[in-house]
Amino acid sequence: MTLDVIDAASYLAALRSELQESGRGRRFTALLSQKVLFPHRGRAKLTPGYLTLSEWDRQGQLQIAPEEVRRVTRQFDSQYGAFVGGASSKWGAPVIMDLDDGRSIYFLFDHRSFLEKTDNPHWEDILLAWLAK
């Protein structure tokens, strides 16, 4: 790991619009495996200049600069609720990144499906610190 990497982790992600479009069947299946709701997955790498998401789509990675981010929160909401997310707001609530272009990305960092735990509390903290610089 180079010195300019703040942190790195595996990620599962979905746009708010993708969660809104998921049907009843996918939401039911998500009770067994949340991965069905998160079509984007790969490695997240946070550096001072970018959050880089490998394997975002067929075009490759997605890079997000801090100035493109309007807000970062960690919470359950109507698109991804506690019932699907394992009921623990501390460990299961998604990190939600609202971008200036109107998109919102829901993240599960280092998701462990058996325990329904994530490293989202840590990632919320480092993303908020990243934005504050």
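Everything discussed here concerns the structure shown above.
Below: a short report on this structure. (Residues numbered from 1 in each chain as written. Predicted model: local features only at pLDDT ≥ 70, side-chain atom pairs only at ≥ 80, totals over all residues. Heavy atoms only, no water.)

Thoughts on the overall build of the protein chain
Reasoning step 1: From N to C terminus, the protein chain includes three helices and seven strands.
Reasoning step 2: Secondary structure of the protein chain in N-to-C order comes out as β-α-α-β-β-β-β-β-β-α.
Reasoning step 3: Counting every position in the protein chain, which comprises 133 residues, the buried fraction comes to 45%.
Reasoning step 4: Long-range pairs, those at least 24 residues apart, make up 61% of the contacts in the protein chain with a sequence separation of at least 6.
Reasoning step 5: When the accessible surface of the protein chain is summed, it comes to about 7,300 Å², and 52% of that surface belongs to carbon and sulfur atoms. (Helix = DSSP H or I, 4+ residues; strand = E, 2+ residues; numbered from the N terminus. Buried < 20%, exposed > 50% of the residue type's maximum accessible area, 1.4 Å probe, protein only. Contact = heavy atoms within 4.5 Å. Areas by Shrake-Rupley, 256 points an atom, 1.4 Å probe, with all protein chains shown as cover.)

Concerning unusual backbone geometry
Reasoning step 1: Phi is positive for Glu55, close to 55°, though the residue is something other than glycine.
Reasoning step 2: Among the structural elements, Glu55 can be located in strand β3 (residues 51-57).
Reasoning step 3: Note on Glu55: relative accessible area 58%, which makes it exposed.

A word on the sheet that holds strand β6 (residues 95-99)
Reasoning step 1: Sheet architecture is open: seven strands sit in the order β4-β3-β2-β1-β7-β6-β5, paired in antiparallel fashion. Both outer strands of the open sheet, β4 (60-64) and β5 (69-74), are each paired with one neighbouring strand and no more. Each strand of the sheet is rotated relative to its neighbour by a mean of 30°, with strand direction disregarded.
Reasoning step 2: Relative to strand β7 (residues 104-109), β6 runs antiparallel, the two being bridged by four bridges. In the sheet register, Ile96 faces β7, and the bridge partner there is Tyr106. (Pairing = 2+ DSSP bridges. Axes fitted to C-alpha atoms, helices over the stretch in contact; angles between N-to-C directions.)

Section: the pattern of salt bridges
Reasoning step 1: Taken as a whole, this structure holds five salt bridges when the rule is applied.
Reasoning step 2: The closest approach of N and O atoms between Asp77 and Arg16, which form a salt bridge, is 3.8 Å. Note that Asp77 is positioned in the loop between β5 and β6 and Arg16 in helix α1 (residues 16-21), a separation of 61 residues in sequence.
Reasoning step 3: We classify Arg16 as partly exposed; its relative accessible area is 26%.
Reasoning step 4: Between Asp101 and Arg103 there is a salt bridge; the shortest N-O distance is 2.8 Å. (Salt bridge = Lys/Arg side-chain N within 4 Å of Asp/Glu carboxyl O.)

Things to note about the packing of aromatic side chains
Reasoning step 1: Taken as a whole and judged by the stated rule, the model has four aromatic pairs.
Reasoning step 2: Each ring, one from Tyr11 and one from Phe107, has its centre 6.4 Å from the other, and the planes form 75°; the classification is edge-to-face. A residue pair is termed long-range when its members are at least 10 positions apart, and Tyr11 in strand β1 (residues 7-15) and Phe107 in strand β7 qualify at 96 residues.
Reasoning step 3: For the ring pair Phe109 and Trp123, a centre distance of 4.3 Å and an interplane angle of 10° mean the geometry is stacked. Of the two residues, Phe109 is situated in strand β7 and Trp123 in helix α3 (residues 120-132); the sequence distance between them amounts to 14 residues. Trp123 carries the same exposure label as Phe109, and that label is buried.
Reasoning step 4: Among the aromatic residues, those joined into a cluster by ring pairs are Tyr11, Trp56, Phe107, Phe109 and Trp123. (Phe/Tyr/Trp six-rings, centres within 6.5 Å; stacked < 30°, edge-to-face > 60°.)

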